[in-house]
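Each chain is listed here by its residues.
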Amino acid sequence: MNRSFSRLRSSTAAAILTAAVFTGVPASAADWAVVFMYHRFGESEWPSTNIRVDQFEAHLEEIRTGGHTVMAVPEILERMRNAAELPDRTLGITIDDAYSSVYRIAWPRLKKAGLPFTLFVSTDAVDHGTPGYMTWDQIREMKAAGVTIGSQTASHPHLPDIELEQVKIELDRAAQRIADETGERPALFAYPYGEYGTAIQRIVAARGYVAAFGQQSGVAHAGGDRFGVPRFALNETYGGVDRFRLTANAMPLPVRDRVPIDLILEQNPPAFGFTVDPSIPDVDRIDCYASGQGRTKVEALGSRVEVRLAEPFPAGRARINCTMPGPDGRWRWYGVQFYLPR
């Protein structure tokens, strides 16, 4: 970890707002990156979290030929924090849960291609020697080779379903185990299942993490919430090379004043709306799609967008994705993931 990144990590614990952003300026053409999320590789018995080997190799080929720059996630965050320029079509790669197929299948290919990535570890599964998970020896080997190790709690619970004191215990226990086994406390965090609300964000921020990652679709940018960084999930259904290419070339749809503020819903369906950054023209071209409901009714008045849902969401996770055409055939993308307590 370089010195500037260490300073960034240590400075985040004090006076952090729920909607902390990387910088105080709106996104520009050089301050965004698409972050991808993988889980398993070549484990087709788990299609919702697996990517087939042929799909993954197609992704790597698209990266090689598509004009993309893959950067280590800490470096992406550091540049956003300092308002430093990022190359257009910058990508970050993250992998959740530390399944053994990461070590056997993904890492050799990423290493051969010279591509950095971040591995988020749920420590209990590793500690217990759970079949299908990596070992601490393997994780240490990857860290020694330059892989960034982040935390994804100890037991990988649904954080909104447990008491806040238990959330703190989950985070602290995992961070200590990672420090014990690798010699370094994690600076990056990923919410299990992408589920979080404002109180959980505050707990993560208070523990000195630089950033925390969800599982909502969207493009990370300098004006965004650094404790709710979006990632495009890749699996067998949503892992074809055409979708990879579409999302790898996505652009941010920067918004503010989102309602509801808290993603753990008390009202269902939520009254969902946001204000688009005034630098974005043609806001009336935004389309939004909700889980289980398809295309929704969208009302745009100036830069303000209101989304009218036809029916309540079922308990658990629910998503809304909003997209609009951007320049050069690319698409702007903003997504949220709500959680309704079971």
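Since this is a predicted model, take the numbers as computed values, not measurements.

Details of the packing of helix H7 (residues 164-182) against helix H8 (residues 198-206)
The angle between the axes and the distance between the axes are what describe a pair of packed helices. Across the interface, H7 lies against H8 with an axial gap of 10 Å and an inter-helix angle of 35°. The handedness of the crossing between H7 and H8 is right-handed. Here H7 contributes Leu164, Val167, Lys168 and Leu171 to the contact with H8, which in turn contributes Ala199, Ile200, Ile203 and Val204. Residue classes in the contact of H7 with H8 are distributed as seven nonpolar, no polar and one charged.

Details of unusual backbone geometry
Following Val259, the chain continues to Pro260 via a peptide bond in cis, the omega torsion being -5°. As for its placement among the helices and strands, Pro260 is situated in the loop between strand E13 (255-259) and strand E14 (272-276). Although it is not a glycine, Asp282 sits at a positive phi angle of roughly 60°.

Here's the deal with the side chain of Asn50
Here Asn50 shows up in strand E3 (residues 50-51). Given the relative accessible area of 0%, Asn50 is considered buried. There is a polar contact of 2.9 Å between the side chain of Asn50 and the backbone nitrogen of Gly42. Looking at Asn50, its side chain comes within polar contact range of the side chain of Glu236, at 2.7 Å. Excluding residues within four positions of it along the chain, Asn50 makes contact with Arg40, Phe41, Gly42, Glu43, Ser44, Asn235 and Glu236.

A short note on the environment of Asn235
Of note, Asn235 is situated in the loop between strand E11 (232-233) and helix H9 (241-248). Along the chain, Asn235 and Asn50 lie 185 residues apart, while their C-alpha atoms are 5.1 Å from each other. Among all residues touching Asn235, those that are not within four sequence positions of it are Pro47, Ser48, Thr49, Asn50, Ile51 and Gln55.

Things to note about the packing of aromatic side chains
In this structure the tally under the stated criterion is 16 aromatic pairs. When the ring of Phe189 is compared with that of Tyr209, the centres are 5.6 Å apart and the planes differ by 55°; the resulting orientation is tilted. Separated by 20 residues along the polypeptide, Phe189 in strand E8 (residues 188-190) and Tyr209 in the loop between H8 and strand E9 (211-213) bring together distant segments of the chain. Here Tyr209 falls in the buried class, since its relative accessible area comes to 2%. A cation over a ring is seen here: Arg40 above Tyr99, with NZ or CZ 3.7 Å from the ring centre.

A short note on the pairing of strand E17 (residues 297-301)
Within a regular strand, side chains alternate between the sheet's two faces. Direction of pairing for E17 relative to strand E18 (residues 304-308): antiparallel, over a ladder of five bridges. Of the residues in E18, the one forming a bridge with Leu301 is Arg304. Linking E17 to E18, which pair antiparallel, is a turn of two residues; within it Gly302 sits at a positive phi near 65°.

What counts as what
- Residues numbered from 1 in each chain as written.
- Predicted model: local features only at pLDDT ≥ 70, side-chain atom pairs only at ≥ 80, totals over all residues.
- Heavy atoms only, no water.
- Axes fitted to C-alpha atoms, helices over the stretch in contact; angles between N-to-C directions.
- Helix = DSSP H or I, 4+ residues; strand = E, 2+ residues; numbered from the N terminus.
- Left-handed = near helix turned anticlockwise from the far one by under 90°.
- Contact = heavy atoms within 4.5 Å.
- Nonpolar A, V, L, I, M, F, W, Y, C, P; charged D, E, K, R; others polar.
- Buried < 20%, exposed > 50% of the residue type's maximum accessible area, 1.4 Å probe, protein only.
- Polar contact = N/O pair within 3.5 Å; in protein donor to acceptor, adjacent residues only side chain to side chain.
- Phe/Tyr/Trp six-rings, centres within 6.5 Å; stacked < 30°, edge-to-face > 60°.
- Lys NZ or Arg CZ within 6 Å of the ring centre and 35° of its normal.
- Pairing = 2+ DSSP bridges.

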